[in-house]
Amino acid sequence: MDPVVLSYQDSLLRRSDVSLLEGPHWLNDQVIGFAFEYFAANRFRVLGKSIIFICPQVTQFIKCSSCPDELGLFLEPLDLASRHWVFLAVNDNSSQTSGGSHWSLLVYHHKSNQFAHYDSQCGINSLHARRIASKLQPFLGTNRMALFVEEPCPSQQNGYDCGMYVICIAEALCEKARVEGIPHLPLQMITPAYISEKRAEWSRLIQSLSRGDSCCSLSLP
């Protein structure tokens, strides 16, 4: 048996998903997708429609799709041209099925017309991120080709924390966007100890939400 722990927005977390946060475990699509849902619906709802978090399953479909018409059915309703920031979790799996062994974060900034790639393993997901960026290009509402930049990024110290780095970097960028209007990454903040603390914090948040405790929230980065 693998009972449901939490149904939140479009996310469904089972016990096996939540247990991944206890570590040392690689996070799956469901956990990262839930984090993105929580950011959009709660943590950074003040940013409204200026920001969009695309779930890992849809991002993988975008990367692997070979049919422009099919891609348009998914992307046109998202109205990416009206968003200030677009967040996507990049997986190194080459098929549309779940799997892979590494996560990274891709962020599109509309004003600068730039894709920023944050990879905690020195850009090894760059090819996958560039493929996603090229698929998104026709839907960005600009005639200019977007730049692609490998951003400085904290380095993970093991083989399983990449998903937590994606979540924590996304949270830190969104917090800077909320407070300062410009998303930039405070590199010194995201340490291995911080990542471990955040694993426990997300686990507590999920348990609290499953109990209907609406006062529970994440600590500020």
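You'll find the structure just up there.
Residues numbered from 1 in each chain as written. Predicted model: local features only at pLDDT ≥ 70, side-chain atom pairs only at ≥ 80, totals over all residues. Heavy atoms only, no water.

A.B. asks: How should the pairing of strand S4 (residues 85–91) be read in this particular structure?
C.D. replies: Consecutive side chains along a regular strand alternate between the two faces of the sheet. A large share of S4 lies buried, amounting to seven of its seven residues. Pairing of strand S3 (residues 51–54) with S4, which is carried by four bridges, proceeds in the parallel orientation. By the bridge assignment, Ile 54 is partnered in S4 with Leu 88. (Buried < 20%, exposed > 50% of the residue type's maximum accessible area, 1.4 Å probe, protein only. Helix = DSSP H or I, 4+ residues; strand = E, 2+ residues; numbered from the N terminus. Pairing = 2+ DSSP bridges.)

A.B. asks: When you look at the sheet that holds strand S6 (residues 114–118) in this model, what are you seeing that I'm missing?
C.D. replies: Hydrogen bonding along the main chain pairs the strands of a sheet, whether they run parallel or antiparallel. Read from one edge of the open sheet, five strands run S3-S4-S5-S6-S7, paired in mixed fashion. Every other strand in the sheet has two partners, leaving S3 and strand S7 (147–150) as the edge strands with one partner each. Going from strand to strand, the sheet's axes swing by 20° on average, the running direction of each strand aside. In the packing of helix H3 (residues 56–64) onto the sheet, contacts are made with S3, S4 and strand S5 (103–109), and the angle to S4 comes to roughly 80°. Along the sheet, helix H5 (residues 126–136) contacts S4, S5, S6 and S7; its crossing angle with S4, the most-contacted strand, is approximately 135°. (Axes fitted to C-alpha atoms, helices over the stretch in contact; angles between N-to-C directions. Contact = heavy atoms within 4.5 Å.)

A.B. asks: Help me understand the packing of aromatic side chains, please; the structure alone is not making it clear to me.
C.D. replies: Note on aromatic pairs: each is described by the distance of the centres and the angle between the planes. What the rule picks out here adds up to 13 aromatic pairs. One aromatic cluster is present, formed by Tyr 8, Phe 34, Phe 36, Tyr 38, Phe 39, Phe 44, Phe 53, Phe 87 and Trp 202 through successive ring pairs. (Phe/Tyr/Trp six-rings, centres within 6.5 Å; stacked < 30°, edge-to-face > 60°.)

A.B. asks: What exactly am I supposed to notice about unusual backbone geometry here?
C.D. replies: Note: most residues except glycine have negative phi, and most peptide bonds are trans. Of note, Gln 9 is a non-glycine position whose phi angle comes to about 55°, a positive value. Along the polypeptide, Gln 9 turns up in the loop between strand S1 (4–8) and strand S2 (11–14). Positive phi values are uncommon outside glycine, yet Cys 122 reaches one of about 55°. Note on placement: Cys 122 falls in the loop between S6 and H5.

A.B. asks: Sorry, what's going on with the environment of Ala 41 here?
C.D. replies: Locating Ala 41 in the fold gives a position in helix H2 (residues 29–43). Ala 41 sits 39 residues away from Asp 2 along the chain, and the two C-alpha atoms are 26 Å apart. Contact partners of Ala 41, with chain neighbours within four places excluded, come to Tyr 8 and Gln 9.

A.B. asks: I tried to follow the environment of Ser 126 on my own but got confused; where do I start?
C.D. replies: Among the structural elements, Ser 126 can be located in helix H5. Residue classification places Ser 126 among the buried residues on the basis of a relative accessible area of 14%. Along the chain, Ser 126 and Gly 33 lie 93 residues apart, while their C-alpha atoms are 21 Å from each other. Contacts of Ser 126, omitting those with residues within four sequence positions, involve His 117, Asp 119, Phe 148 and Glu 150.

A.B. asks: What am I meant to see in the packing of helix H6 (residues 162–180) against helix H7 (residues 192–210) here?
C.D. replies: For any two helices packed against each other, one specifies the crossing angle of their axes together with the interaxial distance. It is at 10 Å that the axes of H6 and H7 come closest, and there the two elements cross at 90°. Classified by the angle between their axes, H6 and H7 sit roughly perpendicular to one another. For the pair H6 and H7, the contacting residues are Met 164, Tyr 165, Ile 167, Cys 168 and Glu 171 in the first and Pro 192, Tyr 194, Ile 195, Lys 198, Arg 199 and Trp 202 in the second. Along the lines of polarity and charge, the residues of the contact of H6 with H7 split into eight nonpolar, no polar and three charged. (Parallel < 35°, antiparallel > 145°, perpendicular 65-115°, else oblique. Nonpolar A, V, L, I, M, F, W, Y, C, P; charged D, E, K, R; others polar.)

A.B. asks: Help me understand the pattern of salt bridges, please; the structure alone is not making it clear to me.
C.D. replies: Between side chains of opposite charge, a pair can form as their charged atoms come close. The final tally for this structure, using the stated rule, is six salt bridges. For Arg 43, the salt bridge goes to Glu 175, with nearest N and O atoms at 3.3 Å. Pair noted here: Arg 43 is in helix H2 and Glu 175 is in helix H6, with a separation of 132 residues, a long-range link. Residue classification places Arg 43 among the buried positions, given a relative accessible area of 13%. Of the charged contacts, one joins Lys 198 and Glu 171 as a salt bridge, the two residues approaching to 3.2 Å between their closest N and O atoms. Of this pair, Lys 198 sits in helix H7 while Glu 171 sits in helix H6, and the two are 27 residues apart along the sequence. Like Glu 171, Lys 198 is buried. Salt bridges sharing partners connect three or more residues here, namely Arg 43, Glu 171, Glu 175, Arg 178, Lys 198 and Glu 201. (Salt bridge = Lys/Arg side-chain N within 4 Å of Asp/Glu carboxyl O.)

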